[in-house]
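Understanding the architecture of this molecule
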Amino acid sequence: MLKRMSFIDAIKVNNVGLSSILEIGDSYSIKPRTKALAIQRQLEYFYGDEGHFKDPVFTRPLPQPTFDEPIRFVRYNESPCIKVNNISVTAIAASSVMHIGSTTCIESDSRVKNVRQLARTLEDTSD
């Protein structure tokens, strides 16, 4: 059995955040998860009950793809090595994976709820 290898001369990553992963080397399983609640307000008024993750967007199960037909393929790698001169990445965010190597399973989950609260104007209330 041939050993697979990766050769990278240079890699530059500016930012890795929010449950993201920069993996160099082989792995069996990678499962990054992110839950984010973003509240934007026109006026700075706080009710005190914001910030819970009980909303269905965070709690309901994610749909999983179903495979109802067999998948068969033949792969021929002339060379089992990956050779790259330079890699430049601005950012890896929100449960993303940058992986140099091989893995068996990657299962990412990023759930974000955005809430925008706008102040009422006199025109809105005159109806």
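Residues numbered from 1 in each chain as written. Predicted model: local features only at pLDDT ≥ 70, side-chain atom pairs only at ≥ 80, totals over all residues. Heavy atoms only, no water.

**Thoughts on the confidence of the model for the protein**
Defined as follows: pLDDT is a per-residue confidence score from the predictor, ranging from 0 to 100. Helix numbers and strand numbers start at the N terminus; a helix is a DSSP run of H or I with at least 4 residues, a strand a run of E with at least 2.
Looking at the protein as a whole, its pLDDT mean stands at 83, while 91% of the residues score no less than 70. Least confident of the elements in the protein is helix 2 (residues 122-125), whose mean pLDDT is 55; most confident is strand 3 (residues 27-30), at 91.

**Thoughts on the environment of Ile 82**
For clarity, the threshold we go by: Whether two residues touch is decided by their heavy atoms; if any such pair falls within 4.5 Å, the residues are in contact.
Secondary-structure assignment places Ile 82 in strand 5 (residues 81-89). On a C-alpha basis, the gap between Ile 82 and Phe 58 in space is 38 Å, while along the polypeptide they are 24 residues apart. Each residue touching Ile 82, except ones within four places of it in the same chain, is listed here: Met 5, Ser 6 and Phe 7.

**Quick look at the packing of aromatic side chains**
Where we set the bar: Stacked, tilted and edge-to-face pairs are distinguished by plane angle, under 30 degrees for stacked and over 60 for edge-to-face with tilted covering the rest, among Phe, Tyr and Trp rings (Trp via its six-membered ring) whose centres lie within 6.5 Å.
As enumerated under the stated definition, the model contains one aromatic pair in all. Taken together, a centroid distance of 4.9 Å and an interplanar angle of 80° make the contact between Phe 53 and Phe 58 edge-to-face.

**Observations regarding a nonpolar patch on the surface**
Applied cut-off: In this scheme, patches are assembled from residues that exceed 30% relative accessible area and form no salt bridge. Like charges are connected within 9 Å, while nonpolar side chains (Val, Leu, Ile, Met, Phe, Trp, Tyr) are connected within 5 Å. Using a 1.4 Å probe, accessible areas were evaluated by the Shrake-Rupley method; residue-level cover was limited to the displayed protein chains. What makes a salt bridge here is a side-chain nitrogen of Lys or Arg within 4 Å of a carboxyl oxygen of Asp or Glu, nothing more.
A cluster of nonpolar side chains, contributed by Ile 11, Val 16, Leu 22 and Ile 24, occupies part of the molecular surface with about 320 Å² of accessible area. Relative to the elements of secondary structure, Leu 22 occurs in strand 2 (residues 21-24).

**Examining the pattern of salt bridges**
The test is simple: Accessibility here uses a 1.4 Å probe with only protein chains present; expressed as a share of the type maximum, an area under 20% marks a residue as buried, one over 50% as exposed, and anything in between as partly exposed.
All chains considered together, the criterion is met by three salt bridges. The residue Glu 107 makes a salt bridge to Arg 33 at a minimum N-O spacing of 2.8 Å. Of this pair, Glu 107 sits in the loop between strand 7 (103-106) and strand 8 (109-117) while Arg 33 sits in strand 4 (residues 33-41), placing them 74 residues apart in sequence. The exposure class of Glu 107 is partly exposed, given its relative accessible area of 34%. Residue Arg 33 is classed as partly exposed on the basis of its relative accessible area, which comes to 37%. Arg 111 is the partner of Asp 109 in a salt bridge, and the nearest nitrogen-oxygen pair spans 3.3 Å. With a relative accessible area of 13%, Asp 109 lands in the buried category. Relative accessible area serves as the criterion here: at 11%, Arg 111 is assigned to the buried category.

**Here's the deal with unusual backbone geometry**
If you check the backbone angles, Ala 94 has positive phi at about 55° while not being a glycine. Although it is not a glycine, Ser 95 sits at a positive phi angle of roughly 65°. Along the chain, the position of Ser 95 falls in the loop between strand 5 and strand 6 (97-100).

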